[in-house]
Amino acid sequence: MKFTLFLFLILPLSEIFAFCQIDFTQSNLQELDAALKHKRVYERTKIMHIDSLKIILQRSNIQPNKKYDLYVKLYEEYQLYNYEQAYFYTEKMLDLATAMKDKNKIIESQLSMAYCCLNAGLFKESNEIVQKIDVKELTLHHKTALYSFLSKLNLDMSNSIMVEPYQSEYSRASIKYSQLVIDLQGEDNPQSLPHKVNIYRCQCQYQQAIESIKLQLETMDLNERNKSLNTGGMGLFYLLLKDTVQAIPYLCYAAIADIKAVVKETPALCILAAIVYDKGDLQHAYQYATEALADAEFYNARHRKIEVGDVLPIIEKTRFDIINKQRQWLVDFSIIISVLLVLFLVAIIVIMIQMRQLKQAREINKQQNETLKQINDKLKEVDNIKNGYIGYFFSVNSAFIEKLEYYRKLITQKLLGKQYDDSLRVLRTMEIQKYREEMFNSFDQIFIKIFPNFVTQFNLLLKEEYQITLKSAHVLSPEIRIFALIRLGVSDVESIAKFLNYSVHTINTYKSKIKKHALVPSEQFEQEIMKIELAG
């Protein structure tokens, strides 16, 4: 497990735009373009390697340690390629490590899971994971890994928040944890160099950071990923020092290395898009920005999506303005050289404009009709539910009031006759649970009437061996009754618990049990429930 990854973060894009007085080397961009053309080839190779690991994993006679190592390899393959799959295998690692009662593997699994969340921009979740780790029981290696992670986490949060005093607080926290690593490893230990670079970066000492990176590249046997991170870091620091001539080759090298390694969680292309845009190379700027956005969406890296979202609209607006100017110039030129045909051209232009407007109007009308249809369908659904349950609640409330009135008169009569023991017996004979069951039965019958296919559609979302069979076609099980309320729009857990006379913990347990065996991700399960249609 390699937890001493280099601690670098993408610069604020507003700073990049400010420093882009560049004279970049066209050959570097040509190499990058060549790598982009072969991007799909590199990805197919990676997928084939992942599939080969999965085939080995499917063997039934694998020892736990061997299986754990395979989970680690699959996590490392997905770590910077796809967040969902990477997180899935960290869960497998943690489950197996827990079953093996191996403390070292448990800690490694937790740190891997935290890094996975951090790469996806889930800062809060990654912090919550490492907070569960007991520092007192850690070895020197794991302490170094934990402090390295906390240093990177605080650096990422500092750069993401961009608001004082919190940005400075996170920077100071990042420096603190980097210094803890240096204290553990020793000032002269090569493993301390990345943390020295991080301290220089947080203190805006960019030239010292560059010198430290050069020292790393000269003295440490780095793998290709860490070479790419260090090289990209040098490019960023040169950019901050306004030396874009030096920055471009390093950033191109980092971007090419990421493409060949099929790294989707990377800032290099986005930074290059901003640089070449400032130079006026809109074609490359648009290409790099769209590639960076596609990578961010594939990985599901939230902070990278935001970063690309700051660049791409500016590039697209400039492209649109240039296209408009070119069109206007062509129109003006045509009018000048075609004076004798001006009236004819005007008529043609007017007709074209009207046709375009008519087409746009039709498209708008079509979209509005689709929107109205969706609204009408939703209103129809709400109306059907309302009509069904208004009658249901009137009936239930009426019956309940009649029973209360009956018991009120009976108890009043007993009390007036000073028949206190009889009054107590009357109270004890009130079968509250029976009334509640009658209410649930009425609720179930109305719901099944409105959603006759609910149970069938609900089971289609579950694995076959965990599908639910009702004891009666007209009585829902507690689990299905919970999701029936969710389908009716009751999403608040406390409201569901009060209605069903359960504790909030019980409701959450039922929900987790169902989602655990679902065919869809747990976070999408309730969305799929809401798609189940009522009776036609």
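About the criteria used
- Residues numbered from 1 in each chain as written.
- Predicted model: local features only at pLDDT ≥ 70, side-chain atom pairs only at ≥ 80, totals over all residues.
- Heavy atoms only, no water.
- Helix = DSSP H or I, 4+ residues; strand = E, 2+ residues; numbered from the N terminus.
- Buried < 20%, exposed > 50% of the residue type's maximum accessible area, 1.4 Å probe, protein only.
- Contact = heavy atoms within 4.5 Å.
- Core = buried A, V, L, I, M, F, W, Y, C linked by side-chain atoms within 4.5 Å.
- Axes fitted to C-alpha atoms, helices over the stretch in contact; angles between N-to-C directions.
- Parallel < 35°, antiparallel > 145°, perpendicular 65-115°, else oblique.
- Left-handed = near helix turned anticlockwise from the far one by under 90°.
- Salt bridge = Lys/Arg side-chain N within 4 Å of Asp/Glu carboxyl O.
- Phe/Tyr/Trp six-rings, centres within 6.5 Å; stacked < 30°, edge-to-face > 60°.
- Lys NZ or Arg CZ within 6 Å of the ring centre and 35° of its normal.
- Polar contact = N/O pair within 3.5 Å; in protein donor to acceptor, adjacent residues only side chain to side chain.
- Patch = residues over 30% accessible without salt bridge, like charges linked within 9 Å, V, L, I, M, F, W, Y side chains within 5 Å.
- Areas by Shrake-Rupley, 256 points an atom, 1.4 Å probe, with all protein chains shown as cover.
- pLDDT = per-residue confidence, 0-100.
- Nonpolar A, V, L, I, M, F, W, Y, C, P; charged D, E, K, R; others polar.
- Expected span 1.5 Å × (residues − 1).

Asks: What should I look at first to understand the overall build of the chain in this one?
Replies: Along its length, the chain carries 24 helices and 0 strands. Within the chain, buried positions represent 42% of all 536 residues. Relative to all contacts within the chain whose residues are 6 or more apart in sequence, the contacts with residues 24 or more apart total 66%.

Asks: Mind showing me how you'd approach the nonpolar core here?
Replies: One recurring pattern in soluble globular proteins is that nonpolar side chains are buried together. Core analysis: the largest hydrophobic core is formed by 46 residues, its most contacted members being Val130, Phe149 and Leu150. The element best represented in this core is helix H6 (residues 103-119), accounting for 8 residues. Ignoring anything within four residues of it in the chain, the contact list for Leu150 reads Asn127, Val130 and Tyr177.

Asks: Would you take a moment to explain unusual backbone geometry for this structure?
Replies: For residues that are not glycine, phi is negative in most cases, and the peptide bond is trans in most cases. A cis geometry characterises the amide bond from Glu164 onward to Pro165, with omega recorded as 5 degrees. For Pro165, the location among the structural elements is in the loop between helix H8 (140-161) and helix H9 (166-185). Of note, the phi angle at Lys101 is positive, near 60 degrees, even though the residue is not glycine. With a relative accessible area of 74%, Lys101 lands in the exposed category.

Asks: It is not clear to me how the environment of Ser495 should be interpreted in this structure. Could you clarify?
Replies: The topology assignment puts Ser495 in helix H22 (residues 493-500). In this structure the C-alpha to C-alpha distance between Ser495 and Leu485, which are 10 residues apart in sequence, comes to 9.6 Å.

Asks: Looking at this structure, I do not really get helix H10 (residues 193-202). What am I missing?
Replies: Side chains three or four residues apart in an α-helix point the same way, a direct result of the helix having 3.6 residues per turn. With 9 of its 10 residues buried, H10 lies for the most part within the structure. Residues Leu193, Pro194, His195, Lys196, Val197, Asn198, Ile199, Arg201 and Cys202 constitute the buried set of H10. At its buried positions, H10 is contacted by H8, H9, helix H11 (206-219) and helix H12 (224-240). Positive backbone phi, approximately 60 degrees, marks Cys204, located one or two places after H10.

Asks: Sorry if this is basic, but what is going on with the packing of helix H21 (residues 478-487) against helix H24 (residues 522-530) here?
Replies: Angle between the axes and distance between the axes are the two parameters that describe a pair of packed helices. Following both chains from N to C, one finds H21 and H24 inclined at 70 degrees, their axes separated by 9 Å at the closest point. Relative to H24, the element H21 is oriented roughly perpendicular. Judged by the twist between their axes, the crossing of H21 over H24 is right-handed. Of the residues in H24, those in contact with Phe483, Ile486 and Arg487 of H21 are Phe525, Glu526, Ile529 and Met530.

Asks: In this structure, what is going on with the pattern of salt bridges? I would like to understand it.
Replies: Here the idea is simple: oppositely charged side chains can pair when their charged atoms come close. Counting across every chain of the model gives 15 salt bridges. In this structure, Glu43 and Lys264 form a salt bridge, with 3.4 Å as the shortest nitrogen-oxygen distance. Linking Glu43 in helix H3 (residues 39-57) with Lys264 in the loop between helix H13 (244-260) and helix H14 (268-279), this pair joins segments that are 221 residues apart in sequence. Residue class for Glu43 comes out buried when judged on its relative accessible area of 11%. Each of Lys39, Glu43, Lys264, Glu291 and Asp295 takes part in a single network of salt bridges with overlapping partners.

Asks: It is not clear to me how the packing of aromatic side chains should be interpreted in this structure. Could you clarify?
Replies: Where two aromatic rings form a pair, the distance of their centres and the angle of their planes describe that pair. For the coordinates displayed, the defined rule picks out 21 aromatic pairs. One aromatic cluster is present, formed by Phe440, Phe443, Phe447, Phe451, Phe454, Phe458, Phe483, Phe499 and Phe525 through successive ring pairs. The ring of Tyr81 is capped by Lys46, whose NZ or CZ atom sits 5.8 Å from the centre of that ring. The ring of Tyr68 carries the charged tip of Lys105 above its face, separated from the ring centre by 5.3 Å.

Asks: How do you make sense of the environment of Ser158 when you look at a structure like this?
Replies: Note that Ser158 resides in helix H8. If we ignore the near neighbours within four places in the chain, the residues touching Ser158 are Gln167, Tyr170 and Ser171. Polar contacts involving the side chain of Ser158 include one to the main-chain carbonyl oxygen of Gln167, which spans 2.9 Å.

Asks: Could you clarify how one ought to interpret a nonpolar patch on the surface in this entry?
Replies: A cluster of nonpolar side chains, namely Leu340, Leu341, Phe344, Ile348, Ile351, Met352 and Met355, defines an oily patch on the protein surface of about 770 Å² accessible area. Residue Met352 is classed as partly exposed on the basis of its relative accessible area, which comes to 45%.

Asks: Hey, could you run me through the confidence of the model for the chain in this one?
Replies: The predicted coordinates should not be examined in detail at positions where pLDDT is low. Residue-level pLDDT values for the chain average 82, and 83% of them are 70 or greater. Note on residues 1-24: pLDDT under 50 across the span, and 88 contacts to partners over four residues away in sequence or across chains.

Asks: Can you walk me through the packing of H12 against H13 in this structure?
Replies: One way to put it is that H12 packs onto H13 with a least axis distance of 7 Å and a crossing angle of 155 degrees. Considering their axes alone, H12 and H13 lie roughly antiparallel with respect to each other. For the pair H12 and H13, the sense of crossing is left-handed. Packed against H12, whose contacting residues are Glu224, Arg225, Lys227, Ser228, Thr231, Gly232, Met234, Gly235, Leu236, Tyr238 and Leu239, the element H13 presents Thr244, Gln246, Ala247, Tyr250, Leu251, Tyr253, Ala254, Ala257 and Asp258 at the interface. Looking at the contact of H12 with H13 residue by residue, the class counts come to 10 nonpolar, 6 polar and 4 charged.

Asks: What's the story with the side chain of Asn28 in this structure? I'm lost.
Replies: The topology assignment puts Asn28 in helix H2 (residues 26-37). In this view, Asn28 contacts Ile248, Pro249 and Cys252; residues no more than four positions away in its chain are not counted.

Asks: Explanation requested: the environment of Cys117 in the structure shown.
Replies: By secondary structure assignment, the location of Cys117 is in helix H6. Distance from Cys117 to Ile129, taken between C-alpha atoms, is 9.2 Å for residues 12 residues apart in sequence.

Asks: I'm lost on helix H15 (residues 282-299) in this one. Help?
Replies: Helix length check: H15 (18 residues) gives 26 Å between terminal C-alpha atoms against 26 Å at 1.5 Å per residue, within 8%. Within the sequence span of H15, burial applies to Leu282, His284, Ala285, Tyr288, Ala289, Glu291, Ala292, Asp295, Ala296 and Tyr299.

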